[in-house]
Each structure stands twice: as structure tokens, then as C-alpha cells.
Amino acid sequence: MTDANPPVLALEALETRVRIGRASFPAVDGVSLELGQGESLAIVGESGCGKSMLALSVMGLLDPQVARIVSGRILFDGTDIAHLPQHRLRTLRGRDISMIFQEPMSSLNPVLTIGRQVAEVVRQHEGLSPRAARERAVEMLSLVQIPDPRSRAAAYPHQLSGGMRQRVLIAIALACSPRVLLADEPTTALDVTVQAQILELIMSLQQRLGMALVLITHDLGVVAETVSRVVVMYAGRKVEEASTTDLFARPAHPYTQGLLGSLPSRARSEGLRRLRAIRGVVPPLTAPRQGCLFASRCPHAVDGCREEAPALGRVGPGHTVACWRAGELGDGP
Amino acid sequence: MRNPPRAFRTETQASAGKPAGVVAATLSRLWRNPTACFGGTLLALLAASAVLAPLLAQHDPLALVPAERLRAPSHEHLFGTDMLGRDLYARVLHGGRLSLTVGILTAVICSLVGLAIGLVAGFSRLADALIMRVMDGIMAIPGILLAIALATIVGGGVSTIVLAIAVPEVPVVVRVVRGVVLTLREQTYVEAARSLGTRPGRILLRHILPNSLAPLIVQATYICGLAILIEAYLSFLGAGIPPEFPSWGNIMAEGRGFVLIAEWIILIPGAFVAATVLSLNLLGDALRDMLDPRTRRAL
């Protein structure tokens, strides 16, 4: 990011804690990141790494009974939105920051037509007349490449396939031309063939509309073809950040190396007969948080790793990593 | 995929009258369901007989003809006469007007009040705690006793009888609606709506209300049937509609003393009550199956 392009969204040491019983545990643990105008960024990590909690924190959609932001700032256009009251957040959501959810099957109201559901957002935020909102809805449906949008606007969600529904959700999210789009695993619930189409659609719309995109995914294969920068999260912490090409060429964190090693295409190109899986699982939220949290699964861990958490350090231009041994291990796994 | 021009035509027609499209689709599916078809036809016949009572019955339901007392059903008096010589055919048809009015009014009032209270209870945790304790209180008293007590306090008359029957039934509707709202509130599309900055009031009206109508309609048919029964009980016990106006319960109450020599006075209005309640329940069951999204696609 250059100074000429100030970040539209920036997280500063964001910490979101989840309450379990009497105690609370960090689901997002001091994550900082910046997203420039029109930039695309992916957040990668296994299930349970805090990716979705991060997105919900940004949207202000945390259930206050369960989780809340305890420290850090979320800057949208320079103003902190982490602790805005709900009624102020409501005007931002859907208009300035939008989100696409994982399940296209259940994210649409079954009793309203899709045209109505797209129009609803526009009416809410821009106060358009019902007629104008309906026109905008048809426009949006054609923008997301739904064939015959004018007649399809009268369809109910159950009359559409999963891919079509995800297109409708994208249309809803983009109806007010937001400046930031959070896509939380937008393709996980779809067929593989449809996944590629939806990703392509999201990317082309991102470029056309010049909005910033945060793509949350556990699939590095998805990342490779789409975004320009990647943040790798592990157990609520940011462990590596790099440009996509840099990350694939020189993964510095053993976790990133593990994720890449478990990609079928990459394993094949390296002549491996079996996929290299990362042993073990992400530590549960309730696990003690001392030292490097990846140490228990790390093939390169030394005693020192378990004692103190490594800070993020620079290993290249725009490439940071949180690993004690990043320097000595070099590029290869 | 259907051929485009045809699909275009049908779908734009559907969009022209959107709610009507849904209602028409439901009605046409109801018509194809044998249970619903039978229930609906029976109910329509009963309703028609009540509405058209003055045309269908030549005799005055209130005219006393002492000489013709306790006549068995015949060509002149289709359903016979009662102990005061009044034509039972005319009385039963006219009585249907009252009984059906009570049933429908009760169902409508219960639904509206129950819906409003249930939505609030389901949506606000604080109101929920308060409202549900009051509802539990009402439910703790046996409905029929509460209705008798209320009817005694406020006196006879259609409006007071409807009130007496509606009060014990409202908590039932509140529970149904609240339960539906509680599950709907957790739906992804409600969360999605929140993520789009939709205000809580709008979420309630646009997303939750339309989705809770189906179980409510089903509940309303049961309450309608129940109200007709309770009205009959109350009138039979003398706490209901004043005897000068015939209702099915009333007619049975008056025939009580003559059941051994003129059993038709009780049996015929009783059969009408049974037929009405049966048809409403059949219709309610069919609607329940049809409006449930999980079974809807199978039909």
C-alpha cells in the first residue's frame, strides 16, 4: 500500500473474545491488516482459525451474548467502527460494507421473490421508490449474469439452483455499490464447476466496480487465481502475510508450507506420491496460549518456540511472518 | 428448462399479482388433495346452508306452533319440530349462522391477537419472559371453566361469548407463533438481512411475519372448530347465547329434556356441529402438510 492509496479498511490489533461458560477466549487475537481501495485480499486458514469471527467482527454482527471485541480498532475510511452503536452500523452495513455468506441455500428468505429481496436492500439504504428499486433489482440480476433477469425476478428461491442463488446473494450484496465486500467462503457449498464461475464473477465485478474484496477461504487453490495478497491465520493470529505470488513461491511459515504441501496440484508438480498433510488439528479455543501456537504441529519446532510467541517480522518486500526460525529455515519446507 | 417465451409469460403473470399468485397456487394444490377437497366441500356446503338459510327454509325459526309439537322428521318438517312446535330445519340452518359466526370471529380474533403477542415475545427476550408467564397463567385454568366464568361475568350475547372463548385460546396461538419466531430468528437469511443493515422492525415484518403465517392459518382452522364446540357446550350449559336466538348448542340444550321421545332435536344439530368441526380439522391437516416447506416439494 502506498500513501497515495489510503486503506479503506484497516484492522489494528483487533481482539475478539468468545465467552464459554464463565471464561472468555480469544477467537481473533491481535490481528492487524490493511486493505486498500479496490484491493483484493484473501484470509486463509483451517476451520477454527478465526476467519469467520474476524468477518463478523468487522460487520458488527457478533452475538453480544457470546462474543465481543475487547480491544483494537476497525477503521473504515479512517473512522473506528468497532464500537459504533447498532443503529449507526446499520447504515454502513449493506451500503458501504457488504458480506456474502457460505450457505446460498438458506441465506434467502423462502417466501419472498428474489427480485423483492434485492429491491429490499436498495429501498432500505437509498430510499428508492418501489418501482425504481425493482428496476435496480433487475439491473443487478443481469449484472450477476442471471439469464432473463426480468422474469427471473419473480422466481422464488426454491426455483433456483445453488449457483443461481449465490448469484442472487451477490446481487443483493452489491446492490448499493459497497466499497468493501467480505466474502466468507462463498463457494464452499457449491459444485466444483459452479465454484469457478462464481469466483470469476466475484473477481470481475470487484474490478469493474472498483471495490475492495476480502475473500475468506480455506482453499489455497482458490486464492492462487484470484487475489493479490494473502493473510494466513492460525488459531486467531496472523502468522504470515505476503503477495500471492510471493506466498506461493517462498512460503516462510511452516504452517503456510504445510497448507501448500497439502494442495494436490502442488504435490503432483513436486513429484510427491502422497499429499503431505499437516498432522494434528487446530488447538481448541480453550487451549493455553503460550509460545508459538503452531509449535505442537510444527516439524521444525525447537524448545524456544513453546516459550515465547514470535512477533511478525519482515522477510521480504511486503512479506511478513511470525516464526522464530523463518530466517534459518530459508525457503524450502 | 421450459421454452423461454412461455416461461416469460407465466412468470410475469405471477408477478403481476404476487400474493394472489401464492394463494392461487395453494388453492389449486388444495383442490388436488382428496382430504382437503372433502373438508373444503363439506365446509362450503355448511356455510352455504347457513348463509342461504332464509331461502332454504320456508318456516320461521322462531314461530311457535303448539299443535305441531315434537313431530318426527317428515316431508313437511324435514328435521321434525321441537317441543314448542318450531321447525327444526329452519332452526338448525339459522343456528348455523350464529355458530359459524362465533367460530370464525373467534379464530380471527385469536389469530390477530396471538400473532401480535407471539411476534413480540419471540423477538424480545425481556418481553418474552413477561408475556409467557402471563400466558402460562391463563393456560393453567381449564379453558372451558374460564370461558364459563367469563361468560357469566360479562353476560350472554355473541360478542361476549366470542371473547369468553377467545381468551383461553390466545395463549395457544401465542405459543405457536413464538416458537416459530424463535426458530426463524436463527435462520441464515435473517442474519443475512442483518448483515445488509436491515432494521429489526423491518426484519420482523418482511422476513419473520410471512414465514410464520402458515402455521398460524393451520392453528386458526383448529380454533374455529374448537370455538364452535365450546359455544355449543356453553349454550348447552346455559352460559352461552341467550335462548331466543337459535344456535346449534342452544337447540341441543333445549332438546335435552326430550331426548328419549324426540332424539332428533339433539342428534341433528349435533351432526352439524360434528360435520363442521370435522371439515375444519381435515382442512387444517391438509393445509399443515401443504404449507410446511419440508413436505411442500413432495406434493
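Above this text is the structure in question.
Residues numbered from 1 in each chain as written. Chains lettered and ligands numbered in written order. Predicted model: local features only at pLDDT ≥ 70, side-chain atom pairs only at ≥ 80, totals over all residues.

### Some thoughts on the overall build of chain A
The line we're drawing: Per the convention used, a helix needs a DSSP run of H or I reaching at least four residues, while a strand needs a run of E reaching at least two, with both numbered from the N terminus. Throughout, the radius of gyration refers to the C-alpha atoms, and the reference size of a globule is 2.2 Å times the residue count to the power 0.38. What counts as a contact is two residues whose backbone-derived C-beta atoms lie within 7 Å of each other.
In terms of helices and strands, chain A carries 12 helices and 12 strands. Rg of the C-alpha trace for chain A: 21 Å, near the compact-globule value of 20 Å for 333 residues, within the 12% margin. If one aligns the C-alpha atoms of chain A with their principal axes, the spans along those axes are about 65 × 45 × 45 Å. Taking contacts inside chain A between residues at least 6 apart in sequence as the whole, the part at least 24 apart equals 64%.

### Details of the packing of helix H3 (residues 34–51) of chain B against helix H12 (residues 264–291) of chain B
Residues and elements named next belong to chain B. To keep things clear, this is the line we draw: The angle between two axes is taken between their N-to-C directions and runs from 0 to 180 degrees, where each axis is a line fitted to C-alpha atoms and a helix contributes only its stretch in contact. In these notes the angle categories are as follows: under 35 degrees is roughly parallel, over 145 is roughly antiparallel, 65 to 115 is roughly perpendicular, and the rest is oblique. Should the near helix be turned anticlockwise from the far one by less than a right angle, the crossing is termed left-handed; should it be turned clockwise, right-handed.
It is the contact of H3 with H12, at a shortest axis distance of 8 Å, that shows an interaxial angle of 140 degrees. Overall, the two elements H3 and H12 adopt an arrangement that is oblique. In the crossing of H3 with H12, the sense of the turn from one axis to the other is left-handed. Where H3 abuts H12, its residues Thr-35, Ala-36, Phe-38, Gly-39, Gly-40, Leu-42, Leu-43 and Leu-46 lie against Phe-272, Ala-275, Thr-276, Ser-279, Leu-280, Leu-282, Leu-283, Asp-285 and Ala-286.

### Concerning the nonpolar core
We apply this condition: We define a nonpolar core as a collection of buried residues of the types Ala, Val, Leu, Ile, Met, Phe, Trp, Tyr and Cys that are connected via C-beta atoms lying within 7 Å of each other. The exposure label follows from counting other C-beta atoms within 10 Å of a residue's C-beta, where the C-beta atoms are placed from the backbone and the thresholds are 20 or more for buried and 12 or fewer for exposed, leaving partly exposed in between.
Grouped together as the largest cluster of nonpolar side chains are 170 residues, with contacts concentrated most on Val-118, Ala-171, Val-180, Leu-182 and Val-214 of chain A. With sequence-adjacent residues up to four places away left out, Val-118 of chain A is seen in contact with Ala-137, Met-140, Leu-141, Val-168, Ala-171, Ile-172 and Ala-175 of chain A.

### Focus: the pairing of strand S7 (residues 180–184) of chain A
Residues and elements named next belong to chain A. The condition that has to hold: By this definition, two strands are paired if DSSP reports at least two bridges between them. When the strands point away from the viewer, a crossover counts as right-handed if the route from the first strand across the helix to the second turns clockwise.
Counting buried residues in S7 gives 5 out of 5 residues, a clear majority hidden from the surface. Alternating residues of S7 divide into Val-180, Leu-182 and Asp-184 and Leu-181 and Ala-183, and every residue in both groups is buried. With 4 bridges joining them, strand S6 (residues 97–100) and S7 adopt parallel strand pairing. For Ile-100, the partnering residue across the bridge sits in S7 and is Ala-183. For S7 and strand S8 (residues 212–217), the ladder comprises 5 bridges, and the chain directions are parallel. Its bridge partner being in S8, Ala-183 is matched across the sheet by Leu-215. Crossover connection from S7 via helix H7 (residues 192–209) to parallel S8: handedness right-handed.

### Looking at the interface of chain A and chain B
Inclusion rule: Any residue outside Ala, Val, Leu, Ile, Met, Phe, Trp, Tyr, Cys, Pro, Asp, Glu, Lys and Arg is labelled polar, Gly included; the first ten of those are nonpolar and the last four are charged.
If you look at the interface, chain A gives 27 residues, while chain B gives 24 residues. Those elements that place two or more of their residues in the side of chain A that touches chain B are helix H2 (86–92) and helix H3 (114–126) of chain A. A per-element tally of the side of chain A that touches chain B places H3 of chain A first, with 4 residues. Residues that form the side of chain A that touches chain B fall into these classes: 12 nonpolar, 9 polar and 6 charged.

### A look at the environment of Arg-178 of chain B
Residue and element names in this part refer to chain B. Within the fold, Arg-178 resides in helix H8 (residues 158–185). Sequence separation between Arg-178 and Gly-122 is 56 residues; the distance between their C-alpha atoms is 4.6 Å. For Arg-178, the contacting residues outside a window of four places in its chain are Gly-118, Ala-121 and Gly-122.

### Focus on the sheet that holds strand S5 (residues 79–80) of chain A
Residues and elements named next belong to chain A. Strands sit in the order S2-S1-S4-S5 across an open sheet of 4 strands; the sheet is antiparallel. Each of the sheet's edge strands pairs with one partner strand only, and the pair in question is strand S2 (23–36) and S5. Relative to S5, strand S4 (residues 67–76) is paired through 2 bridges, and the arrangement is antiparallel. Across the sheet, residue Leu-75 finds its bridge partner in S5, namely Asp-80. Along the sheet, helix H1 (residues 51–59) contacts strand S1 (7–20), S2 and S4; its crossing angle with S2, the most-contacted strand, is approximately 75 degrees.

### Digging into the sheet that holds strand S3 (residues 40–44) of chain A
All names here are of chain A. With respect to topology, 8 strands assemble into an open sheet ordered S6-S7-S8-S3-S9-S10-S12-S11, the strand pairing being mixed. Only two strands of the sheet have a single neighbouring strand rather than two, namely S6 and strand S11 (313–316). Across the sheet, the mean angle from the axis of one strand to that of its neighbour is 20 degrees, orientation sign disregarded. On top of the sheet, helix H10 (residues 254–261) reaches S3, strand S9 (229–234) and strand S10 (237–243); it is set at about 105 degrees to S9, its chief contact.

Any link to function would need more than the numbers given here.
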